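Below are the chains, spelled out letter by letter.
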Amino acid sequence: MAAAVPLGLLVLLLLGPVDWGHAEPPRDSLREELVITPLPSGDVAATFQFRTRWDSELQREGVSHYRLFPKALGQLISKYSLRELHLSFTQGFWRTRYWGPPFLQAPSGAELWVWFQDTVTDVDKSWKELSNVLSGIFCASLNFIDSTNTVTPTASFKPLGLANDTDHYFLRYAVLPREVVCTENLTPWKKLLPCSSKAGLSVLLKADRLFHTSYHSQAVHIRPVCRNARCTSISWELRQTLSVVFDAFITGQGKKDWSLFRMFSRTLTEPCPLASESRVYVDITSCNQDNETLEVNPPPTTTYQDIILGTQKTYAVYDLLDTALINNSRNFNLQLKWKRPPENGYIHYEPAQDRRQPHLLEMLIQLPANSVTKVSIQFERALLKWTEYTPDPNHGFYVSPSVLSALVPSVVAAKPVDWEGSPLFNTLFPVSDGSSYFLRLYTEPLLVNLPTPDFSMPYNVICLTCTVVAVCYGSFYNLLTRTFHIEEPRTGGLAKRLANLIRRARGVPPL
Amino acid sequence: MAASAAAAAATDLEVVRGKRAALFFAAVAIVLGLPLWWKTTETYRAPLPYSQISGLNALQLRLMVPVTVVFARESVPLDDQEKLPFTVVHEREIPLKYKMKIKCRFQKAYRRALDHEEEALSLGSVQEAEAMLAEQNEQAEGSMIVYVISEHSSLLPQDMMSYIGPGRTAVVRGIMHREAFNIIGHRIIQVAQAMSLTEDVLAAALADHLPEDKWSSDKRRPLKSSLGYEITFSLLNPDPKSHDVHWDIEGAVRRYVQPFLNVLSAAGNFSVDSQILYYAMLGVNPRFDPVSSSYYLAMNNLPHVINPVESRLGSSATSLYPVLNFLLYVPELAHSPLYIQDKDGAPVATNAFHSPRWGGIMVYNVDPKAYNSSELPVRVEVDMVRVMEVFLSQLRLLFGISQPQVPPKCLLSGPKSEGLMTWELDRLLWARSVENLATATTTLTSLAQLLGKISNIVIKDDVASEVYKAVSAVQKAAEELASGHLSSAFVASQEAVTSSERAFFDPSLLHLLYFPDDQKFAIYIPLFLPMAVPILLSLVKIFLEARKSWKKPEKID
């Protein structure tokens, strides 16, 4: 912006009828929450969730007015007719064996899966454009998503939100395991928050601390949800989640102690005035079970107990808002039912087509308890076309992580979940009943070393071929253009000359 | 002896055969090898209309404005009335330092008033007359009707000579004089120029293509012509703890912005949206003025205000149209009230400023009385009439709809309810058509230059067809302008810009661009050098021998 000119001239244009009705109650709301879980390994996991709910039907309105919901994402939804969008950027790998089950795992790198509305005619084109736009918004290389790494799963990745029909034609899924997540992905993610990083829980999101962690995963989930109990109209829900695992053991000099300041080098100062709910949960389950006493300072006013991921958990609750919590005990009548998996196994396999689409293997298996199931796939290493190699081919090639979606029977029977009332981390996945809970796990991406050619080879081949051709041509040319003529045999050879030399020395006339 | 002669003959035969073989090799290499190599390594370049493109530079734009001049009874002397109807053409060149010659041509068709027009013109006020005439006439874009009324008609106030209406009509007072047509014709031209084309309008439209002068920054204020525009209204609330700001943007857009854009929709597609941004600060700390106990932003600070805010605004992810931003800034409690100062240090009445080709910012101070009554946060209802007045006048400026230069003693009607007069829209369309033509011509010329200069660029058929389309669209637009069909000329000029840009930015142009000559030679030399050297050597040898054998006979002589 080079220059700014004060507006001197004002044209009085219009004096229309003035009827200022008072603005309706805000049609969008923000809830934010931080769950801090001490992990069995001694690390500390912090999971932020920011949920913006917007009671608006984005598809219908021509002129769009945004308040808390970010404009960039809202425009995406209406332009590309999205039904659901799930995007995650992850650095590191959630080690379930040491850390226990995560609330929401994501594969290393970038993962994007999108359900389009059934009004979209050319899904592949929209998918391509969408991934390009998202790569611009989040400064990520999502533009490398193309048909070679996109699949359409048919059994997994059902819509997480409100959905009438689930025609898998409108689903696209892609993973970029190579994607490196860094500050430039976090900054645009933070900009989508209504309070930016100025107030509320988001002040803790300081990039230099968040990326010095064992695990960093940030995600954006957009889905339609029911607006009221009877589900007469829909609202849009934007969940921005960020999970980090701090290696508290190392930074805390061998102690398991942690504090917000030590982890984030920031403390919470003020609540976000726009948030209707702003809470911090601290997992104090081990306090009750073990004899090891766990002291939380300041002592919590309330605690929250529930069955999370199949185990009984106790959380200390801190409400950041001074005033009483805005009570939205609207009963959430869940409409979506998860289809019970068929008893017999289900195998879906789509073979890869070279340079067109990857392999997709989906298996629905019921696993017996305490058993080990191994799925192994044989593959052959092949040479690629020489232009298809990445700039550092010796680094290896990533194979996207496999996904394990499971309904795990719960140890303790949970009471039916009250969707609006319970904390956000407990309502991420729709669960049909309390006897089981849903879990999605990702394996590590596989790094495969492919045979790499000598990249100066093409030039060497050219040189070698040319030399061979030139040699052949040269002898042929020589043979054809050389003049042959018969030469008289010269009299005498070396012996005769030698003899003459000796004879001259002796004074005898030469031969 | 005979044997040696036979041997010499055989040797001669051998020599001749060798020579022939060498010559044949050379011939094959030149006749077959070279064309084959040339053909297989050639880059595909579709033919382009280079001569037509260079012809576009010397294009003469003739902007024809059809003016119908209607003479009411007693407007001119009777014997002059007898001469009606006839047509007068007034043409003049618009002096601009631009390679295109632009001529403006007013084609005035004089005729007598029809009965219903006489009736309308005899009404009491000019507004009524206009309303009645508007019912009867349907006018094409770019044309206009001038009514000449009698010298003593009470339709206009006595001291006014002419009147410009909100539609495409104007009224001019007639005269009873021997030279009536000349005098009236002069007045008509004055009015018509104010309503259609003036140098200023065209200079602003061509600002990017004209050499810089001291006025250019002012002329570069309007947005560049585009197929569509995005308008974003943003409410910046840097202090949500103290201010709970509400604005009825839906209603304001519906009531004020949408009618204005509906009129303007002939000039492009518009999309409007709004957002509220919290904790969005200005980049400059306002200074405190102890006298009025208020804060102020000095004019030289204003350019620094925008950049930090802009990162929060979020560029539109879903379209490629230029974005116009209008920001309403409610200053934080610690910095209120906040005023913008102009050059002389006086507060700007509107408390707003605009930035060329970017948008506008208005500072909206919260009424200080609000703080007394209640505790924080204070609920603030934004007065949208005040805000939209400012934003709409900024919008007019950014679209280059400036105030016309009204000739002396001319009455200008008030604006229509949409905030835009029909002839202002026409004027915008003229300017945009000329701008589009200039842009398309420049794009095509530089594309032709580029393709001529770099011979490695592949020109595909679809790029070539876009170029052809753009050239023909430019020519069509010029023709339509010359024949006075403004709307079709505008459409054609937009098409020209779109096609030319599509050709210019086609990614296929870049495919083989990076193929430097040294790499080519590195690949060719291992083959070409060993093959060419023997051929060349034997050719040189043959040539030398042939010259020797030519010289020998001379010596004998």
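This structure is a prediction, so every number in the text was calculated from the model and none was measured. (Residues numbered from 1 in each chain as written. Chains lettered and ligands numbered in written order. Predicted model: local features only at pLDDT ≥ 70, side-chain atom pairs only at ≥ 80, totals over all residues. Heavy atoms only, no water.)

Our focus in this paragraph is unusual backbone geometry. The omega torsion across Ser336(B) and Pro337(B) is -5°, close enough to zero to call that bond cis. Within the secondary structure, Pro337(B) is located in the loop between strand 12 (323-329) and strand 13 (338-340). With a phi close to 60°, Cys231(A) is a non-glycine residue in the positive phi region. With respect to the secondary-structure elements, Cys231(A) resides in the loop between strand 9 (215-226) and strand 10 (234-246). Although it is not a glycine, Ser293(B) adopts a positive phi angle of roughly 45°. Within the secondary structure, Ser293(B) sits in the loop between strand 10 (287-289) and strand 11 (294-297). Assessed through its relative accessible area of 45%, Ser293(B) is described here as partly exposed. (Helix = DSSP H or I, 4+ residues; strand = E, 2+ residues; numbered from the N terminus. Buried < 20%, exposed > 50% of the residue type's maximum accessible area, 1.4 Å probe, protein only.)

Moving on: the environment of Tyr163(B). Residue and element names in this part refer to chain B. Topologically, Tyr163 is positioned in strand 5 (residues 162-164). Owing to a relative accessible area of 0%, Tyr163 belongs among the buried residues under this scheme. Tyr163 sits 335 residues away from Thr498 along the chain, and the two C-alpha atoms are 39 Å apart. Setting aside its immediate chain neighbours within four residues, Tyr163 contacts Val126, Gln127, Glu130, Leu156, Ala170, Val171, Cys410, Leu411 and Ser413. (Contact = heavy atoms within 4.5 Å.)

Before going further, it helps to examine the sheet that holds strand 13 of chain B. Residues and elements named next belong to chain B. Strands sit in the order 10-11-13 across an open sheet of three strands; the sheet is mixed. The open sheet has two edge strands with one neighbour each: strand 10 and strand 13. Across the sheet, the mean angle from the axis of one strand to that of its neighbour is 40°, orientation sign disregarded. Here strand 10 runs beside strand 11; their pairing, made up of three bridges, is antiparallel. (Pairing = 2+ DSSP bridges. Axes fitted to C-alpha atoms, helices over the stretch in contact; angles between N-to-C directions.)

The subject of this paragraph is empty space enclosed by the protein. Residues and elements named next belong to chain A. Throughout the structure, instances matching the rule amount to ten cavities of 30 Å³ or more. When its volume is computed, the largest cavity comes out at roughly 140 Å³. Taken together, 17 residues form the lining of the largest cavity, with Leu104, Gln105, Ala106, Glu111 and His221 sitting closest to its centre. (1 Å grid on protein atoms, 1.4 Å probe; cavity = no way out; pocket = protein on both sides within 12 Å on 5 of 7 lines; lining within 4 Å. Points joined across faces, edges and corners; volume = space filled by probe spheres on them.)

This brings us to helix 12 (residues 384-398) of chain B. Residues and elements named next belong to chain B. Under the 1.5 Å per step criterion, the end-to-end length of helix 12 is 20 Å for 15 residues, consistent within 8% with the ideal 21 Å. Counted residue by residue, helix 12 has 14 buried out of 15 residues, so it is predominantly covered. Backbone geometry just after helix 12 places Gly400 at a positive phi near 75°. (Expected span 1.5 Å × (residues − 1).)

The UniProt entry lists residues 459-480 of chain A under the feature "transmembrane region" (unreviewed entry), expressed in the numbering used here. In residues 459-480 of chain A, helix accounts for 100% and strand for 0%; the two terminal C-alpha atoms are 31 Å from one another. (UniProt positions renumbered as here; feature names shortened; annotations may be inferred.)

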